[in-house]
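# Architecture at a glance
As a plain string of letters, each chain reads:
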Amino acid sequence: MTNLYNKHAVLACEGWSWSCHDPEFAPLMAGALVIFCCAWLWWSMKFTKINPPLPPGPLGLPIIGNLPFIKPELHRYFSDLSRIYGPVFKLRMWSVLAIVINSPSLAKEVLKVQDAIFANHDVPTATVVGTFGGINILWRPNGSRCNQLRKLVRRMVKEIHGKVGSSVNIYEQLSATALRVMMSTLWGDDPSQDLIEFRKRLDEIVITFGAPNVSDFFPILAPFDLQGIESKGKEQVSWFYGVFESMIKNRRNIRDDGKEKKNIRKDFMQQLLELHWQGDEKNSLSINEVKALLLDMMVAGTDTVPTAVEWAMTELLCHRDKMTKLVKELDMVVGNQNTVEDSHIPQLVYLDAVIKETLRLHPVAPLLIPRVPSKTTVIGGFTVPKGCRVFINAWVIQRDPELWDDPLRFHPERFLETDINYRSNNFGFIPFGSGRRICVGVSLAEKMMALLLGSLVHSFEWGLSEGTKPSLEDKFGIVLKKAESLVGIPVARLPNLEQYQ
Ligand code: HEM
């Protein structure tokens, strides 16, 4: 997921406008320009005689290609281009060839039929130097974490209850809870840890590794770290590694004292450490891998889920009839004497449909994570060369009128009538990607979203400040966020005060 942050940001709006206008960047670019004149000549000669040809695409300038014309809202820009050039088109940015896929059948080709060829994610230079890039992540969420999730969601409910009647920034509230859930899932509750410091440091990492890095476009310049991104990132990553190391040391001491068996819970960190301590040659993890994995989970899990739930709340506040229907279901399944529990989730089918419909219209990762083919292949009758970057535009695919009736309408009921789920073979609905690199956090994300959204709607009646209407405008970036945070006013709706404690 770190890769997602990097690559999306490299192609994100701030990235491009910065590349083009920042005066400090100009001399760098001028130098790089000369070096890559030669590369450009080589590149054009290499690709002119390809058969089948490369996909069509807009004409670019010599050397820099389409870079100056790329618009900030990449998902919409790609969508506009797909109307002109069809389901697969190409763009060139300096030395990088990008291929964009815009149809479910071609997405299936990449994510399923030729999955083995497209199984690699693009690993940006900065993450490699920070030592947590390129690690093979194989984590399945463990069901035994349910109690912790419930407890943490209740804590959020309690916090919101303290703010009844005043305005609540829903994203901030959710984000703090998601961070607690992740920390607790990864290494258990540790009251000594400063949540605000963690949040701040995580945000810094995302910004650093999301900054456009000239080394990604010109690998030859990578050893010079011209913008200092790699060294800054390394420093920031080291802070987390330091925290993890001291936690690991504590666990090692407990293990050496022989208290391990009765005292230690099998949280994620413990499972990884056991793989480190006891794993055979094939399964063993190095300590660096353990730390890298923990950081990957933190970065991947704490922004995506709150963003999705904020979108869901926005849609529900724009569509009061759907909110009423959801409240009805929650009252029927959960009742007003209880709070939403993990065991209720399978019966909350309308809640599930609301979440799916939200992720259809507002996929958190609109272009998934770019894939890099390990060999030259053919997609949709066009050559896709080894080493290029392939973007799957889930945002446009999930709004395709050929697949979805009235595609722009928020209509959760459509998911009640089908058995489409996040892992089904329906390539018109791929918010978590698909194939062998599908999001490893799907199950955890599903549960977190259901508990968070279910609790918000079940415990409170939500209003808005007078005269305001929630905006549905989005902002392309690392994840597809709302352009404006949602601010709601909660009113308690459960009868007993204890339910908020
Ligand atoms: C609403 C929540 C989430 C969404 C929409 C989401 C979406 C995605 C997507 C689209 C990918 C790329 C899949 C592909 O290339 O086909 C991905 C990868 C990944 N996600 Fe998530 N994710 C979410 C939550 C989480 C959570 C909670 C975790 C961790 C606990 C997580 C961990 C990861 C990791 C580690 C990868 C990289 C997998 C790999 O490289 O093989 N995600 N996610």
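Residues numbered from 1 in each chain as written. Predicted model: local features only at pLDDT ≥ 70, side-chain atom pairs only at ≥ 80, totals over all residues. Heavy atoms only, no water.

### Focus on the overall build of the protein chain
Formally: Under the DSSP-based scheme used, a helix requires at least four consecutive residues in state H or I and a strand at least two consecutive residues in state E, with every element numbered from the N terminus. Type-normalised accessible area, obtained with a 1.4 Å probe on protein chains alone, sets the label of each residue: buried when under 20%, exposed when over 50%, and partly exposed for intermediate values. In what follows, a contact means two residues having at least one pair of non-hydrogen atoms within 4.5 Å.
A count of helical and extended segments in the protein chain gives 18 helices and twelve strands. In the protein chain, which comprises 501 residues, the proportion classed as buried is 55%. Across the protein chain, every contact between residues at least 6 apart in sequence was considered, and the portion connecting residues at least 24 apart equals 76%.

### As for the coordination of the iron atom of the ligand
Quick note on the threshold: Metal coordination here is assigned from N, O and S atoms located within 2.8 Å of the ion, or within 3.2 Å for Na, K and Ca; omission of water means that sites may look incomplete.
Protein coordination of the iron atom of the ligand rests on one atom only, C439 (SG), at 2.3 Å. Structurally, C439 can be placed in the loop between α17 (394-397) and α18 (442-459).

### Overview of the environment of I248
Structurally, the position occupied by I248 is in helix α11 (residues 229-256). For I248, a relative accessible area of 2% gives the class buried. In this structure the C-alpha to C-alpha distance between I248 and D321, which are 73 residues apart in sequence, comes to 50 Å. Residues in contact with I248, not counting those within four places in the same chain, are M269, L273, I287, V290 and K291.

### Points about the site of the ligand
Keep this limit in mind: The rule for a residue being near a molecule or strand is that one of its heavy atoms must lie within 4 Å of it. Definition of a polar contact: a pair of N or O atoms within 3.5 Å, with one able to donate and the other able to accept a hydrogen when the atoms are protein atoms, and with sequence-neighbouring residues admitted only if both atoms are side-chain atoms.
With respect to spatial proximity, 25 residues lie near the ligand, and among them H121, R371, R437, C439 and V440 are the closest. Between an oxygen atom of the ligand and a main-chain N or O atom of S434, the distance comes to 3.4 Å. R437 is positioned such that a nitrogen or oxygen atom in its side chain is 2.6 Å from an oxygen atom of the ligand. For the shell around the ligand, the secondary-structure elements that each account for two or more residues are α14 (287-318) and α18. Among the elements that line the shell around the ligand, the one with the most residues is α14, at four residues.

### Some points on the UniProt feature "binding site: heme" (unreviewed entry) in the protein chain
In plain terms, the rule: UniProt positions are given in the numbering used here, feature names are shortened, and annotations may be inferred rather than shown by experiment.
In the numbering used here, UniProt assigns the feature "binding site: heme" (unreviewed entry) to C439. Residue class for C439 comes out partly exposed when judged on its relative accessible area of 29%.

### Some points on the nonpolar core
Basically, it comes down to this: As used in this record, nonpolar core signifies buried Ala, Val, Leu, Ile, Met, Phe, Trp, Tyr and Cys residues forming a set joined through side-chain atoms within 4.5 Å.
Within the largest apolar cluster, 81 residues are counted, with the highest numbers of intra-cluster contacts made by W187, L294, L295, M449, L453 and V457. Sort the elements by how many residues they give to this core and α14 lands first, with 15 residues. I63, F78, L91 and I430 belong to the second largest nonpolar core, which has 45 residues in total.

### Structural notes on helix α15 (residues 320-333)
Threshold: Expected span of a helix, by definition, is 1.5 Å for each gap between consecutive residues, and there is one gap fewer than residues. This arc describes the spread of directions from the helix axis toward the C-beta atoms.
Given a rise of 1.5 Å per residue, 14 residues ought to cover 20 Å, and the 20 Å separating the end C-alpha atoms of α15 matches this to within 8%. If you check which residues of α15 are buried, you get K322, M323, L326, V327, E329, L330 and V333. Taken down its axis, α15 places every buried residue within 160 degrees of arc, on the same side. Facing away from the buried side of α15 by over 90 degrees, the exposed positions are K328 and M332. Positioned one or two residues after α15, G335 has a phi angle of 80 degrees, which is positive.

### Overview of the packing of aromatic side chains
This is how the line gets drawn: Only Phe, Tyr and Trp rings take part, Trp by its six-membered ring, and two of them pair if their centres are within 6.5 Å. Stacked means planes under 30 degrees apart, edge-to-face means over 60, and tilted covers everything else. Two thresholds decide whether a charge sits over a ring: the Lys NZ or Arg CZ must be within 6 Å of the ring centre and within 35 degrees of the ring normal.
Tallied over the full model, the rule gives 13 aromatic pairs. With centroids separated by 5.8 Å and ring planes inclined at 45 degrees, the aromatic side chains of W404 and F415 adopt a geometry described as tilted. Of this pair, W404 sits in the loop between α17 and α18 while F415 sits in the loop between α17 and α18, placing them eleven residues apart in sequence. Classification of W404 by relative accessible area gives buried; the value is 8%. Relative to F429, the ring of W404 has its centre 6.4 Å away and its plane inclined at 70 degrees; by these criteria the two rings are edge-to-face. Placement of the pair is W404 in the loop between α17 and α18 and F429 in the loop between α17 and α18, with a sequence separation of 25 residues. Three or more aromatic residues link up through ring pairs in this structure, and these residues are W404, F415, Y422, F429 and F432. Above the plane of the ring of Y422 lies K356, whose end atom (NZ or CZ) is 5.6 Å from the centre.

### Points about the confidence of the model for the protein chain
What counts, and what does not: pLDDT expresses how confident the predictor is about each individual residue, on a scale running from 0 to 100.
Confidence in the prediction of the protein chain, expressed as mean pLDDT, is 79, and 76% of residues score 70 or more. Element-level mean pLDDT values for the protein chain span from 35 in helix α1 (residues 2-10) up to 98 in helix α16 (residues 349-361). Confidence drops under a pLDDT of 50 for residues 1-21, and excluding neighbours within four residues, the segment shows 70 contacts in the predicted structure. This model gives residues 131-150 a pLDDT under 50, and the stretch forms 48 contacts once residues within four places in sequence are excluded. Reported confidences for the modelled complex are a pTM of 0.82 and an ipTM of 0.99.

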